[in-house]
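Chains, contacts and geometry: an overview
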Amino acid sequence: MLKFLLLILAILAVWYGYRYVNRPKPPPPPVPPAGTKPGTPPEAAAAPRAEDMAACAVCGTYVAESTAKSCGRSDCPYPPA
Ligand SMILES: [Zn+2]
């Protein structure tokens, strides 16, 4: 009978250990990106900025205009990487 109780205890220990390891983590608090002015709402600060994509006239690759890098062709309008 003692063995049976120990088995139940072992099963419960494993079960609660499993529950503890797989417990849901609370979401981390939003951290405003560096450089944002204090006082700005965190929603506005955390909102990703959309950026226009532009197609390279030579190769047709769509690239973000601010970070556009050349595709390697000599007549590519973007600056070389
Ligand atoms: Zn190109």
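Residues numbered from 1 in each chain as written. Predicted model: local features only at pLDDT ≥ 70, side-chain atom pairs only at ≥ 80, totals over all residues.

Brief notes about the overall build of the protein chain
Looking only at helices and strands, one finds two helices and two strands in the protein chain. Secondary structure elements of the protein chain occur, N-terminal to C-terminal, as α-α-β-β. In the protein chain, which comprises 81 residues, the share counted as buried stands at 0%. A sequence separation of at least 24 residues applies to 0% of the contacts in the protein chain between residues at least 6 apart. (Helix = DSSP H or I, 4+ residues; strand = E, 2+ residues; numbered from the N terminus. Buried ≥ 20, exposed ≤ 12 C-beta atoms within 10 Å, placed from the backbone. Contact = placed C-beta atoms within 7 Å.)

Regarding helix 1 (residues 2-21)
For an α-helix, the turn length of 3.6 residues means that residues three or four places apart are oriented alike. When the terminal C-alpha atoms of helix 1 are compared, their 28 Å separation across 20 residues agrees well with the 28 Å that a helix rising 1.5 Å per residue should span. By the criterion of burial, helix 1 is predominantly exposed, with just zero of the 20 residues buried. (Expected span 1.5 Å × (residues − 1).)

Here's the deal with the confidence of the model for the protein chain
On average, residues of the protein chain carry a pLDDT of 84, and 89% of them reach 70 or more. Summarising per-element confidence for the protein chain, the mean pLDDT is lowest in helix 2 (residues 42-46) (67) and highest in helix 1 (94). (pLDDT = per-residue confidence, 0-100.)

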